[in-house]
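# Structural features, examined
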Amino acid sequence: MEPFRANVTSFIAALRAAGASVTVSATYRPPQRAYLMHWSWMIVNIGIDPRTIPKMAGVNIRWDHVDAAGVYAAADSLAGAQGMVDGYDMQNLMTAPALNSRHTVGAAIDMSISWVDTLPVKDAGGNTENITSQPRNGMNVRLAAIGASYGVIKYNGSGTDRPHWSDTGR
C-alpha cells in the first residue's frame, strides 16, 4: 500500500546507510494467515479451547483434533497449534497477532533493527541524528522519532510488539 511501502523503503535505506542491521520478518499478511497465526497463538498461550474457534471461509483447518475413535484429543490439538506457532516463528511473541491489522491491508512491517555504538541516521528531511542512547534496537525512542519522520510509526498500542511498525502505529 502506497505511500507506506515507499516510506519503509526510504527508512530502511537510511538505516542501512547509517550502519544498522535490518531484518524484515513480515509485511503484508493475508487475512487467512492472520486467522491461522491468531488462533494458533491463542491456543498455545492463552489456552483457548480449539473447539470454540470460529471457522473462516477459505481456510481448511481443523483446530480440534480427534483420536482414532473420533474423540477430542486436547494434547494433539495443542501440539498442532504449537507446530503452527513454531512454523510462524511466534514463540517469543508477547501479543497475539491481530485478526485485522495494518498487516492485512499492506500498511505494516515487522523488522528487527540493531546497531553498534552510535547510529548516524538521516531523517526524512535529510538531517543526520547521531543516536547514542540505549537500547540499540527498534525500541529506541529516538529511532522511533526518526521512523515517524518517514511515516513509519513504531507500534504504540497496548502490550508489546517489538518488531512492529506501521503507517499509524497500530
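Small disclaimer: the values here were computed from a predicted structure and weren't measured. (Residues numbered from 1 in each chain as written. Predicted model: local features only at pLDDT ≥ 70, side-chain atom pairs only at ≥ 80, totals over all residues. Heavy atoms only, no water.)

Before going further, it helps to examine the side chain of His-103. Following the sequence through the fold, His-103 ends up in the loop between helix 3 (74–87) and strand 2 (108–114). Judged by relative accessible area, which is 2%, His-103 ranks as buried. Polar side-chain contacts of His-103 include one of 3.1 Å to the side chain of His-164. Sequence-distant contacts of His-103, that is, excluding residues within four places in its chain, are made with Ala-26, Thr-27, Tyr-28, Arg-29, Ala-108, Ile-109, Asp-110 and His-164. (Helix = DSSP H or I, 4+ residues; strand = E, 2+ residues; numbered from the N terminus. Buried < 20%, exposed > 50% of the residue type's maximum accessible area, 1.4 Å probe, protein only. Polar contact = N/O pair within 3.5 Å; in protein donor to acceptor, adjacent residues only side chain to side chain. Contact = heavy atoms within 4.5 Å.)

What follows is about helix 2 (residues 31–46). Along its 16 residues, helix 2 runs 21 Å from first to last C-alpha, staying within 8% of the 22 Å computed at 1.5 Å per residue. Restricting attention to buried positions, one finds in helix 2 the residues Ala-34, Tyr-35, Leu-36, Met-37, His-38, Trp-39, Ser-40, Trp-41, Met-42 and Ile-43. Buried-residue contacts for helix 2 involve helix 3. A positive phi of about 85° marks Gly-47, the residue just after helix 2. (Expected span 1.5 Å × (residues − 1).)

Turning our eyes to something else, we now look at the pattern of salt bridges. The final tally for this structure, using the stated rule, is 5 salt bridges. As a salt-bridge pair, Asp-49 and Arg-51 come within 2.8 Å of each other at their nearest N and O atoms. You can call Asp-49 partly exposed: its relative accessible area is 26%. A residue is classified by how much of its surface remains accessible, and Arg-51, at 48% relative accessible area, is partly exposed. (Salt bridge = Lys/Arg side-chain N within 4 Å of Asp/Glu carboxyl O.)

The next thing to look at is the layout of surface pockets. Considering only enclosed or pocket space, the largest pocket measures out at about 650 Å³ in volume. As for the largest pocket, its lining consists of 27 residues, and the residues nearest its centre are Arg-29, Leu-93, Asp-110, Asp-161 and Pro-163. Going through the elements one at a time, strand 1 (21–26), helix 2 and strand 2 are the ones with two or more residues in the lining of the largest pocket. Here the second largest pocket defines a volume of roughly 210 Å³. Surrounding the second largest pocket, Met-1, Phe-4, Arg-5, Val-8, Thr-9, Ile-12, Thr-27, Tyr-28, Gly-106, Ala-107, Ala-108 and Ile-109 form its lining. Contributions of two or more residues to the lining of the second largest pocket are made by helix 1 (4–17) and strand 2. In terms of residue count, the dominant contributor to the lining of the second largest pocket is helix 1 (5 residues). Within the lining of the second largest pocket, the residues separate by chemical class into 8 nonpolar, 3 polar and 1 charged. (1 Å grid on protein atoms, 1.4 Å probe; cavity = no way out; pocket = protein on both sides within 12 Å on 5 of 7 lines; lining within 4 Å. Points joined across faces, edges and corners; volume = space filled by probe spheres on them. Nonpolar A, V, L, I, M, F, W, Y, C, P; charged D, E, K, R; others polar.)

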